[in-house]
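Now for the letters of each chain:
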Amino acid sequence: MRQFQAIGGTYEPIRDFVPYSGSDGPTCGGQPSVANNAFYCSDGHFIAFDAGWLQGMYQQLGDAAVYVVIPHEFGHAVQAQLTQNFNFSVERELQADCYAGGTLNALIQAQQLRADPGDDSEIINNLQAAGDPTDAWWEPGAHGTPERRQSAFATGYQQGVTAC
Ligand SMILES: [Zn+2]
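Residues numbered from 1 in each chain as written. Predicted model: local features only at pLDDT ≥ 70, side-chain atom pairs only at ≥ 80, totals over all residues. Heavy atoms only, no water.

Here we look at the overall build of the chain
Note the following rule: Segments assigned H or I by DSSP are reported as helices when at least four residues long, segments assigned E as strands when at least two residues long, and all are numbered from the N terminus. Two things to know: the radius of gyration comes from C-alpha atoms, and the globule rule equals 2.2 Å times the number of residues to the power 0.38. Here's how the labels work: a residue is buried when its accessible area is under 20% of the maximum for its type, exposed when over 50%, partly exposed in between, all with a 1.4 Å probe on protein chains only. In this description, contact between two residues means that some pair of their heavy atoms is separated by no more than 4.5 Å. Per-residue accessibility takes into account occlusion by the displayed protein chains alone, with areas from the Shrake-Rupley method and a 1.4 Å probe. The charge count includes Lys and Arg as positive and Asp and Glu as negative, but it does not include His or the ends of the chains. All charge positions are set by atom: Lys at NZ, Arg at CZ, Asp at CG, Glu at CD.
Within the chain, the secondary structure is distributed over six helices and three strands. The C-alpha atoms of the chain give 15 Å as radius of gyration, which agrees with the globular expectation for 164 residues (15 Å, within 12%). Summarising its shape, the C-alpha atoms of the chain cover approximately 35 × 35 × 35 Å along the three principal directions. Across the 164 residues in the chain, those meeting the buried criterion constitute 43%. Of the contacts made within the chain by residues no fewer than 6 positions apart, 60% connect residues no fewer than 24 positions apart. As presented, the chain carries roughly 8800 Å² of accessible surface, and 49% of it is formed by carbon and sulfur atoms. Positive and negative charge centroids in the chain, built from 6 and 18 side chains respectively, lie 8 Å apart.

Next up, the structure:
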């Protein structure tokens, strides 16, 4: 990840990608994984995802939607090595969205991914669906409203991870 070096870090690659089904996923620091989710675990430095859930999202929202979920978890992996100082969950989550946008664009620039027509709207729809229903940004599990998530993703996508 060249851009990671630009922001002054030495990036340790993710050790493992662990697909799971329903509730048979790996534990993270003693916490069980939950169905219909993807997560980064700093205790082990891996990303795990409910494969059936991602597959359903792929069918419903298109391939680009999946490129929101995994890069978002990458964002948390980057954060685990850079900053842990967040006052609110929502700050952490919006920065992960921003990193996700920056990562996705870097992959497209490096021609490791090809952007298809319609990908933009798939990503926007995914963040629309994944946004919080209310703007209770102080809540412990808050991820931000659809608008804030879309705008954080766009910042990273357009300006790169240094803008996050
Ligand atoms: Zn998150």
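So much for the structure itself; the text now carries on.
Section: the coordination of the zinc ion
Defined as follows: Metal coordination here is assigned from N, O and S atoms located within 2.8 Å of the ion, or within 3.2 Å for Na, K and Ca; omission of water means that sites may look incomplete.
Binding of the zinc ion to the protein goes through His72 (NE2), His76 (NE2) and Glu93 (OE), at separations of 1.9 to 2.1 Å. According to the relative accessible area criterion, His72 is buried, its value standing at 5%. Since its relative accessible area comes to 9%, Glu93 is described here as buried.

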